[in-house]
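# Fold and geometry: a report
Chain residues, written in single-letter form:
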Amino acid sequence: MKKHVVMIGGGASGLTAAIWAARSGAKVTVIEHMDRVGKKILATGNGRCNLTNSKLDGTCYHCQDPEFPMKVVGQFGWKDTLRWFASMGVLCKTRMDTYYYPVSDQASAILDALRLECGRLGVEVCTGCEPEDIRFERKKGRSLFFVTTDQGVFQGDSLVLACGSKALPSSGSDGSGYRLAESLGHRVIKPLPALVQLRCQGNHYRQLAGIRTEAGLTLYVDGEKAGQDRGELQFTDYGISGIPVFQLSRGASRALDEKKRVQMRIDLIPFMDMEETRLFLRQRFNDFGDRLGEDFLTGVLNKKLAQVLLKQAQIRLDRPAGEASRRQREMLLKGIKTYEALVSSANPFANAQVCSGGVDTSEVDPRTMGSKLVPELYLAGELLDVDGICGGYNLQWAWSSGKIAGSQAAQWAGPQTERSGERQRAAGLQAERPGERQRTAPQAERPGERQRAVPYTKLTDKGSREGEGDAGSVARPCKPGQQRSYQKKEGGRRP
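Attention here is on the structure that accompanies the text.

About the thresholds
Residues numbered from 1 in each chain as written. Predicted model: local features only at pLDDT ≥ 70, side-chain atom pairs only at ≥ 80, totals over all residues. Heavy atoms only, no water. Helix = DSSP H or I, 4+ residues; strand = E, 2+ residues; numbered from the N terminus. Buried < 20%, exposed > 50% of the residue type's maximum accessible area, 1.4 Å probe, protein only. Contact = heavy atoms within 4.5 Å. Areas by Shrake-Rupley, 256 points an atom, 1.4 Å probe, with all protein chains shown as cover. Salt bridge = Lys/Arg side-chain N within 4 Å of Asp/Glu carboxyl O. Pairing = 2+ DSSP bridges. 1 Å grid on protein atoms, 1.4 Å probe; cavity = no way out; pocket = protein on both sides within 12 Å on 5 of 7 lines; lining within 4 Å. Points joined across faces, edges and corners; volume = space filled by probe spheres on them. Polar contact = N/O pair within 3.5 Å; in protein donor to acceptor, adjacent residues only side chain to side chain. Phe/Tyr/Trp six-rings, centres within 6.5 Å; stacked < 30°, edge-to-face > 60°. Lys NZ or Arg CZ within 6 Å of the ring centre and 35° of its normal.

### Concerning the overall build of the protein
In terms of helices and strands, the protein carries 12 helices and 26 strands. The proportion of buried residues among the 495 residues of the protein is 54%. Considering only contacts within the protein whose residues lie at least 6 apart along the sequence, 71% involve residues at least 24 apart. Carbon and sulfur atoms make up 46% of the accessible area of the protein, which amounts to about 22600 Å² in all.

Encoded structure:
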């Protein structure tokens, strides 16, 4: 008897879990409350989809249990990800040595590959379907989940929660998964925006809006150093943005939530240390001291940025720069090397790429992604208290956690468990060469006979069942146009 696995969430981790559960021989249903699956995937990597990174270690992730992320990612790493996508027809390339993208530079290629593989494997996807409640029962050693939605009740032998976080709610990540996890007894660490822009105090940011410059950033919380990064800084009309800001925003966001004082110290000439910069400015005053203040740093810094720094150092823009006093020159040096931005807030979830916080990982087994509280419940993706830095790490977390959750959810516990070698063949885990298609073991059927999709069993108002269906396929059909029923092609061949 096929095990029926129900997935709540049709994002990166949910579709991954669905594919691996189906490859392992399970009947799979995906419940997605948006009108289509994978919307957030389309926004990754500025539409190009940075799907993984070969520089992969524990420093790339944040979690209350710092060892948890790599215990998961270590089971399905970046090489496994590239082989998996190659098996679905996606070729990848590198940028900056370690960042991997599809050769087409289209995030849609990644989503299409996942969608097509779901279709090939017969995964049933129900879109526009809003989960409302989950009921769990344990009968004769068997778990049963009843997922109530606005379109009926779905029954499954195991359940995968892959509902996403609260980041970028326009893509479907509205935080509803936290409520569902809590209803099953799980603790949720307060979610906060991460990989997000920071708002700063001061009226001069409107003058700086749009300026991009190489910079070194150091985060201070209540006067203590809390992190540092370097890269392209972007000024906005309300504060600061750019990759180095995103990398440090998690710590800033959580510190602000704790009512702590948050400062960002910015080095605008990061390729020189303080003493080298002091000597550079001294020489520049000797060589170009006859220039007006407004032109003194032309060729060194963006002109608008330079003017703000000169004003803060009280150096007149309409007088020769060489007239500046020793104190004013020291103030200019300090402004260039340790420009201080007092952070007032992080931008909201609508602007965040991911969230910090989520379901407490101490209640999840990293070997299986299974709940330690509810048998046959699995969790994956951003729903958990794991968030990565920029560079493909959050998608790698989705692939890794989704793969493990889906593969494990498809397995029967106890005497029905398959032998290890058979399960590996069903899941398509045999070693393969890069670019080689990965074949899944076809479901048992008579030669030449097309596998028929089992229709849903409809519950009548009186509780009686209409139609036919196997165990774990109880649900009212989705509304027309909202349900996509994918059926395997004959012989398991690709369409």
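### A short note on the pattern of salt bridges
The final tally for this structure, using the stated rule, is 26 salt bridges. Between Lys40 and Glu382 there is a salt bridge, and its shortest N-O distance comes to 3.0 Å. Highlighted residues: Lys40 in the loop between strand E2 (27-32) and strand E3 (52-53) and Glu382 in the loop between strand E22 (377-379) and strand E23 (387-388), separated in sequence by 342 residues. Across the pair, exposure class does not vary: Lys40 and Glu382 are buried alike.

### As for the pairing of strand E9 (residues 142-149)
Counting buried residues in E9 gives 6 out of 8 residues, a clear majority hidden from the surface. For strand E8 (residues 131-139) and E9, the ladder comprises 8 bridges, and the chain directions are antiparallel. Across the sheet, Ile134 pairs through a bridge with Val147, a residue of E9. Following E8, the chain reverses through 2 residues before pairing antiparallel with E9; Lys140 in that reversal takes a positive phi of roughly 50 degrees. Taking the residues that link successive antiparallel strands as the turn, the E9-strand E10 (residues 152-156) hairpin has 2 residues.

### Side note on empty space enclosed by the protein
Under the defined criterion, the tally for this structure stands at 2 cavities of 30 Å³ or more. Along its surface, the second largest cavity is lined by His62, Ala194, Leu195, Phe246, Gln247, Arg250, Asp387, Gly388 and Ile389. For the lining of the second largest cavity, the secondary structure elements donating two or more residues are helix H7 (243-257) and E23. At 3 residues, H7 tops the list of elements feeding residues into the lining of the second largest cavity.

### Things to note about the side chain of Glu117
By the secondary structure assignment, Glu117 is in helix H4 (residues 107-120). Since its relative accessible area comes to 2%, Glu117 is described here as buried. At 3.0 Å, the side chain of Glu117 and the side chain of Arg23 are in polar contact.

### A look at the packing of aromatic side chains
Each aromatic ring pair is described using two quantities: the centre-to-centre distance and the angle formed by the ring planes. The tally for this structure, following the rule as stated, stands at 14 aromatic pairs. Seen from their ring centres, Phe136 and Phe145 are 5.0 Å apart, and the 45 degrees between their planes marks the pair as tilted. Overall, the relative accessible area of 28% leaves Phe136 in the partly exposed class. Here a set of aromatic residues connected by ring pairs shows up, and it is made of Trp20, Phe76, Trp84, Phe85 and Trp399. Positioned over the ring face of Trp412 is Lys3, at 5.6 Å from the centre of the ring. Across from the ring centre of Tyr220, 4.4 Å away, lies the NZ or CZ of Arg265, which sits over that ring.

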